[in-house]
Amino acid sequence: MTAVEEAPVSAAGNPIGFGSMKRKEDQRFVRGQGNYVDDVNLPGMLHGAILRSPHAHAKILSIDTSRAEAHPGVVAVITGKILEGIPRPELLGDNFAWMPTLSYDTQAVLATDKVRFQGQEVAFVIATDRYTAKDALELIDVDYEPLPAVMDAKKAMDSGAPVIRDDKGQTDNSITDVMGNKFWESGNAIGTQEAIEKAKADPNCVVVTQDIMYPRVHPAPMETCGSVAYLDPVSGQLTLWTTSQAPHAHRTVYAMVAGLPEHKIRIISPDVGGGFGNKVGVYPGYVLSVVGSIVTGKPVKWMEDRSENLMSTSFARDYHMAGTIAATKDGQILAVDVDVLADHGAFNGVAQPTKFPAGFFHIFTGSYDYPHAHCKVTPVYTNKAPGGVAYACSFRITEAAYFIERLVDCLAAELGMDPAELRLKNLIKPEQFPYETPTGWVYDSGQYEKTMRLAMEMVGYDELRKEQAEKRARGEYMGIGISFFTEGVGAGPRKDMDILGLGMADGIELRVHPTGKAQLRLSVQTQGQGHETTYAQIVAHELGIPPEDIEVIHGDTDNTPFGLGTYGSRSTPVSGAAAAVVSRKVRDKARLIAAAALECSPDDLEWSLGKWSVKGDPDRAKTIQEIALLSHGSLELPEGVEGHLDATAVYNPPNLTYPYGCYICVVDVDPGTGQVKIRRFVAVDDCGTRINPMIVEGQVHGGLADGVGMALMELIAFDEDGNCLGGSFMDYLLPTAMECPDWELGETVTPSPHHPIGAKGVGESATVGSPAAVVNAVIDAISPFGVRHADMPLTPANVWRAIQGNPVRVDMAVE
Amino acid sequence: MQTPAPVDYARATSVDHALQLLDQHGEDARVIAGGHSLIPMMRLRIASPTTLIDLNDLDELKGIRVEGNEIVIGAMARHAEVLDSPILAEHYPVFREAEKLIADPVVRNRGTVGGSMCQADPSEDLSAVGSALRGTVVIRSKSGSRTVPIREFHFGPYMTQVADGEILTEVRFPIRPGAGSAYEKVERRVGDWPVASAGVFVVVKDGVVSDCGIGLTAVGAEHFSAPEAEEFLIGKAPTEDNLAEAAKIAADSCNPISDQRGPADYKKHLAQELTLRALRRASAASQGA
């Protein structure tokens, strides 16, 4: 692997290949010259605003829009009834009031019969400016008949529970997936159950059970969601500037939703201010901006505000996990079983590959070698915002990693064993890779113990345990928490993975211009990941063209090849691989052209970075730039070789990649107040080859802050009446620099054996791995009070209540 | 982007002018100081005043000064000035301790003492400090000025003595030689409103507490105060037992509500724990420790 080789440096001081370099895109961001959807202003553009439901569950008796329509500046008011009257030309349903979700469910664009969550879209006002549109919302009179709401997922399937999806003829709140299942299983139910029963009966074994909740949190990207739609009444061309992590997938979905011909749809995702999964789905607001443009013949902009974003767009998590782990008394794990109640909100809008209705939760088996595992996930509807699988989770891997790492700590507590020792005893060994887990996933590569030992050495694990013992003797409470996580990212192999039938391969196109400068066109979409830099570095690594000479183009479906977008840490594993493959195609073609120019056989040439030269005669060589000009020039090309130096590729990954890491967190807890102070955080990541280590570290920093937020403060709870209790940044707390310690980062590099450059992806590693480290540290700190578990977020109140032996239920209003 | 409803704007050039503008624009007009509560409420359309009367040019309401044996804080003094004031640092470190924990530098650079007092949020940090120190507020109307003890200033959450057509102009605190003071707060995240806080001052003379004040916020303490605990402590030695008993009495007089910051039992516990911690430090400071 070339991962550790030092790349040569370009004239501009950048590595011609892998290595840290400043992000090319930051030139415009630090100068305030980014171009976001809300920066798009078109001549004659109108502005839309959405009236939202104040109720979680209510019948709509009537909607009177006459006062709003009469308001000066209002151009149109659209309701669900109006949408019902617009026939949809083809596919999926019969009118515009409902749209398909990414999970083959339906979601109301504008409510017609009932509202099903607080914040649901009820009407859409189009006006000459944003203020007027918002003013007019207050002039719409909606007569609601409030209904009892289902806010507690645990009561959703009670007999007599109010039925949310009566629109589908349902008689309960169960969710049926596209394959007809009401729950989703993986692993071996019988084998696991037998192993657990056997352990229960064996005096040399223990069985530990623990209910673990991963409560509802929100991606909360800096930029909220929005769109500008213009359907040219003459050409029939729809151009949609939108906050999308997956512009090509959106184009196809709009074609299916609106019945518009796909070749007349152009999706442009300009700069996107953070996504974290929040911008994967298609929201009613986007559709309404399109409908608005159809109705008015003008461009229509819709940008949601912060509360709309928090209350109505894709949440994450909301998994109630009941875990069982069996082990020998000397700490050999035998079996893990988990029964999950999954709260999907009012519409099943989860983004996931079709065959994985619980996403990649299957990876709950973690980083350990044991024979038996089983999970069962039961989804339910509740009167909460729809969506799910958002927020840097790799399709539910965040829940899975948190679950197993918390459960292993519960086992360690039961055994009276050091949690590091327990983990080291059970980690999958390097020689076991490729490792097939009990749920059927094949981990590609890893040196788990090496990574864990490095983290323990960096943090000074043994000294910390000594300090802890001394402090406990003085009545001071510090805790040390370990998390060892494995992710499966880079969805995914076409044979296994699709979203709405769209395979998860990614296209790419490389054009090398006559002067040797290049353009790389991606199907994936950066939301801050630094694609414009790292993809240039991949091409530089493969072709020797300096990264400053490579322009990376993305986010415009008319100018880039098809692919499924950026989420689930899939860009580097899939599209990054495509970039290497397409570069190698160009390199191969360059060889033929160089051979023609040097009048030798291609077999006589050898590649060294940036040039083909004659073996044994290095002075006879052509650089890639010279070859580029030759390819466009008058040189007679060999038979079968076309001119120019462009290539395209579609990369279909043979497997997921499996980045992993070991995180150790040290906290101090004040038992008198329940306050937690994170003293240290060591994060050792192994994401395979590091294309740009600086960007990797930046991604890890961000993810660790995310993890601290979820572990300590982030939460969307609801009261019994259905009120969202996390609808503003005053209520939905995001961590600040003050809550974050100086991150101490380390790395091991175990390249993926099946990825062209050995890279595994790292965008979500820290978010996946860090919450368990923080929570395990806090529980470790307060374990002398007899605490074995408490649910996130560990606010001062929750920590104090756990110490009192009276933990709060986090997903409902505090009582 | 959150967008407020239409609103008019007028910029006052003096307190008299502001009072005249208030009169002229009627009861739905609001004065605006730092705007860090009012503007977000307007953007969320929780508040929709018809006119904003801007007080930011009123130099007569600015500054922190000593007058006789009182410290006077102008209503338009910014939180950042309170944080940095050498006068307050000398006499009442409790201000500095509280201000360090109020919101963030951006808010403190703009938000004002008068605005915080008049917003009368039940979780306001400065209300606890003001109540502990038993200050007074000066309220002006067209007919003149009146002085109201801080412990009579609040009628309840978001309700104060400041009536239509009136403006709070200054807040005054008696100087108490030898006083030690301290502020203790628990927040879920830096810059958040307190889950609970306690601000206290203690004067220890000849081995006994000669005077003290206890202010509590976010825990349902009437007038942000705990007078029974103060009565208990005055005249007693500042021993751990006595401080603890005072803290317990203070907590017993609180009536917190459960919300997402924490359940009522926890807040009640905090009222006791934080009062005790603040009393310990303040009495130690008064004794020159």
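Fair warning: this is a prediction, and the values are worked out from it, not measured in the lab. (Residues numbered from 1 in each chain as written. Chains lettered and ligands numbered in written order. Predicted model: local features only at pLDDT ≥ 70, side-chain atom pairs only at ≥ 80, totals over all residues.)

(A) Quick peek at the sheet that holds strand β6 (residues 136-141) of chain B. Residues and elements named next belong to chain B. Taken in spatial order, the 5 strands of this open sheet run β4-β5-β10-β6-β7, and their pairing is antiparallel. In this open sheet, the two edge strands, each paired with only one partner strand, are β4 (64-67) and β7 (144-149). Taking the axes of each pair of neighbouring strands and ignoring which way they run, one obtains an average angle of 25° across the sheet. As defined by bridge partners, β6 adjoins β7 across 6 bridges and the pair is classed as antiparallel. (Pairing = 2+ DSSP bridges. Helix = DSSP H or I, 4+ residues; strand = E, 2+ residues; numbered from the N terminus. Axes fitted to C-alpha atoms, helices over the stretch in contact; angles between N-to-C directions.)

(B) Molecular detail of helix α11 (residues 448-459) of chain A. All names here are of chain A. With 12 residues, α11 ought to run about 16 Å at 1.5 Å a step, and its terminal C-alpha atoms sit 17 Å apart, in line with that. Within α11, burial applies to Y448, T451, M452, A455, M456 and V459. Angularly, the buried residues of α11 cover 135° about the axis, an arc narrow enough to put them on a single face. Its buried side turned inward, α11 meets α10 (419-426), α12 (461-473), β20 (477-486), β30 (660-670), β31 (675-686) and β32 (743-747). Just past α11, the residue G460 takes up positive phi, approximately 70°. (Expected span 1.5 Å × (residues − 1). Buried ≥ 20, exposed ≤ 12 C-beta atoms within 10 Å, placed from the backbone. Arc of directions from axis to C-beta. Contact = placed C-beta atoms within 7 Å.)

(C) Examining the domain arrangement of chain A more closely. All names here are of chain A. Considered domain by domain, chain A is made up of domain 1 (26-34 + 505-651), domain 2 (37-147 + 224-272 + 279-312) and domain 3 (319-491 + 655-803). Across the contact, 14 residues belong to domain 1 and 16 residues belong to domain 2. Its residues placed into classes, the side of domain 1 that touches domain 2 shows 3 nonpolar, 9 polar and 2 charged. (Domains from an automatic or database assignment. Nonpolar A, V, L, I, M, F, W, Y, C, P; charged D, E, K, R; others polar.)

(D) Just the sheet that holds strand β11 (residues 226-231) of chain A, in detail. Residues and elements named next belong to chain A. Taken in spatial order, the 7 strands make up an open sheet running β3-β7-β1-β14-β11-β12-β13, and their pairing is mixed. A single partner strand is all that each edge strand has here, and the edge strands are β3 (74-79) and β13 (265-268). Within the sheet, the average angular offset between the axes of one strand and its neighbour, ignoring direction, is 20°. Strand direction decides the pairing type here: strand β1 (residues 46-52) and strand β14 (residues 300-303), joined by 3 bridges, are parallel. Counterpart to G48 in the pairing with β14 is W302. Against the sheet, helix α6 (residues 247-258) touches β12 (238-242) and β13, its axis set at about 145° to β13.

(E) Molecular detail of the domain arrangement of chain B. Residues and elements named next belong to chain B. According to the domain assignment, chain B consists of domain 1 (8-54), domain 2 (59-174) and domain 3 (179-286). Each of domain 2 and domain 3 was reduced to a C-alpha centroid, and the two centroids are 20 Å apart. Facing 22 residues of domain 2, the contacting portion of domain 3 comprises 22 residues. Those elements that provide at least two residues to the side of domain 2 that touches domain 3 are α5 (93-100) and α8 (125-132). For the side of domain 2 that touches domain 3, the leading source of residues is α8, giving 7 residues. Taken together, the residues of the side of domain 2 that touches domain 3 break down into 11 nonpolar, 5 polar and 6 charged.

(F) Molecular detail of the pairing of β13(A). Residues and elements named next belong to chain A. Burial of β13 is one-sided: the residues I265 and I267 facing one way are buried, the residues R266 and I268 facing the other way are not. For β12 and β13, the ladder comprises 4 bridges, and the chain directions are parallel. Directly across from L238, in β13, lies its bridge partner I265. Note on the crossover from β12 through α6 to β13: the handedness is right-handed. (Right-handed = clockwise from strand over helix to strand, strands pointing away.)

(G) The arrangement of the interface of chain A and chain B in detail. Listed per partner, the contact involves 27 residues of chain A and 22 residues of chain B. Counting only elements with at least two residues in the side of chain A that touches chain B, the list comes to α4 (130-137) and α18 (796-803) of chain A. When its residues are assigned to classes, the side of chain A that touches chain B shows 13 nonpolar, 5 polar and 9 charged.

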